[in-house]
Amino acid sequence: MPPKLPTLGEEMTAETSHITRSSPTPVLGVGSVVLNAPQRDVFDNLLAVGADRPTHDPGLADELRTILKEGTADALAAWTESSLWLSKSQITSVLRCEGQTVAYASDPTPQPMHSATVAGIVAHRAIHLAYTHPDYVVRSYVDWALEMILASDPGVADFWNNASPAHQSDVIAQAMEKTVGFLDSWPPLQDAWEPRFEVPIQVKIGKLKLAGRVDLMLGRPRPPRQTMLLADLKTGALSDHHGLEAAFYGLLATLRSGVAPFRSVIYSIASGEWTEPADMTPDLLRETAHTVADAVSRHVALLMGMRDPSLTPGRYCSWCPARGTCPAAELPARPTSSPTQPVTITPTPVPAGRSAGDTAPSNVVELPVDRDDVPPPQPEAGAPDDPDLGPFAL
């Protein structure tokens, strides 16, 4: 039997050092395969199999928690509800355009899904199936994933049952493309790496609840070393805000487990690139904690009607509910099968008396296509140019 791949933190030996080169690579349960160039790049330079791992700072998690607690104290004191639930979507939204945060709070009506969203959801589950049940053709993974999702997700089922054969075909074709893109870009996931998919992470700091769902998580917290790797998958090109998204996941994982991951990235299947810096250093995590605290303060001020939002146009204007009336909107609205009424950006105080638990409050509306949050966000209001692959976790 050929030797299996080393674990993420295991030192390379003479017996295993050849596995990232052009010679056949032993893969447990699959047989001997050859890693292509993108797979070798991920194996060597992202996963860094066999490379030393940094030693974690035992006091870092407490320090980050203090930064968030002190940085949000005034905002949370002004918040009239018993809790404030924020996800990656709300954090990145308020930092790139405050007007979009107000627009989504003003228009919480769920909207129909789009084929790109559904294809991403199906692809995530198909990739999961490819790990647990190797050696099947990709179409089988997509069909199984679709069958399971239609039985468990009413939003997807409603889209599918009302879609034409052409739109259903688009979903299947896109899901296959995304699934193949991942399988041809990453080395086969090994049991020793302990891969987990769609991993929810929640952190509570006073009345503040931060949440996210990581597409893919490898390794487990094993002090004194940083041994976890987090990855979120995108189908399109990387954007400037993706670095913050990756660091936000790293921050949540650090606060949740007490040990920072050694890397957290957003990976583009389209280009085979990932966000840099990938390493979750103490300085980067401290900077991220300060950024998140600032985003929380802005979010509260806007939803409490304490000030008017600043408007920062970008390509995200195309799926903003206020795109028809916003004076700063830069991009034309994308056509949708179910047009929505324009929304005027007006700060609206959050109504008092809402009960808040572990689910997203009723006035919280997620950005379109992003389904990585915990609890599940509202259905999408539009299809961005670069839809997230969804809740798939590495």
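None of the values given here were measured: they were computed from a predicted structure.

## A word on the packing of aromatic side chains
By the definition in use, this model includes eight aromatic pairs. Taking the centre distance of 6.0 Å and the plane angle of 70° together, the rings of Y141 and W144 count as edge-to-face. Residue Y141 and its partner W144 are located together in helix α7 (residues 138-152), separated by three residues, close to a single helical turn. What links up through ring pairs into an aromatic cluster is the set F182, W186, Y267 and W274. Just above the ring of F262 sits the side chain of R53; from NZ or CZ to the centre is 3.9 Å.

## With respect to unusual backbone geometry
Backbone torsion omega between P223 and P224 reads 15°, so that peptide bond is classified as cis. For P224, the location among the structural elements is in the loop between β5 (208-218) and β6 (229-234). Following E276, the chain continues to P277 via a peptide bond in cis, the omega torsion being 0°. Residue placement: P277 occurs in the loop between β7 (263-268) and α11 (282-303). The backbone of E194 sits at a positive phi, close to 50°, despite the residue not being glycine.

## Considerations on the pairing of β5
Along a regular strand, successive side chains alternate from one face of the sheet to the other. With eleven of eleven residues buried, β5 lies mostly within the body of the structure. As defined by bridge partners, strand β3 (residues 84-87) adjoins β5 across four bridges and the pair is classed as parallel. Its bridge partner being in β5, L86 is matched across the sheet by L210. Note: strand β4 (residues 196-205) against β5, nine bridges, orientation antiparallel. Residue pairing for β5: I205 is matched across the bridge by L208. Adjacent in sequence and paired antiparallel, β4 and β5 are bridged by two residues, among which G206 carries a positive phi angle near 65°.

## Concerning the side chain of Q39
For Q39, the position within the fold is in helix α1 (residues 37-46). Here L183 takes part through its backbone oxygen, which lies 3.0 Å from a polar atom of the side chain of Q39. Discounting chain neighbours no more than four positions away, the residues touching Q39 are V34, L183, D184, S185, W186 and P187.

Each value, and the rule that gives it
- Residues numbered from 1 in each chain as written.
- Predicted model: local features only at pLDDT ≥ 70, side-chain atom pairs only at ≥ 80, totals over all residues.
- Heavy atoms only, no water.
- Phe/Tyr/Trp six-rings, centres within 6.5 Å; stacked < 30°, edge-to-face > 60°.
- Helix = DSSP H or I, 4+ residues; strand = E, 2+ residues; numbered from the N terminus.
- Lys NZ or Arg CZ within 6 Å of the ring centre and 35° of its normal.
- Buried < 20%, exposed > 50% of the residue type's maximum accessible area, 1.4 Å probe, protein only.
- Pairing = 2+ DSSP bridges.
- Polar contact = N/O pair within 3.5 Å; in protein donor to acceptor, adjacent residues only side chain to side chain.
- Contact = heavy atoms within 4.5 Å.

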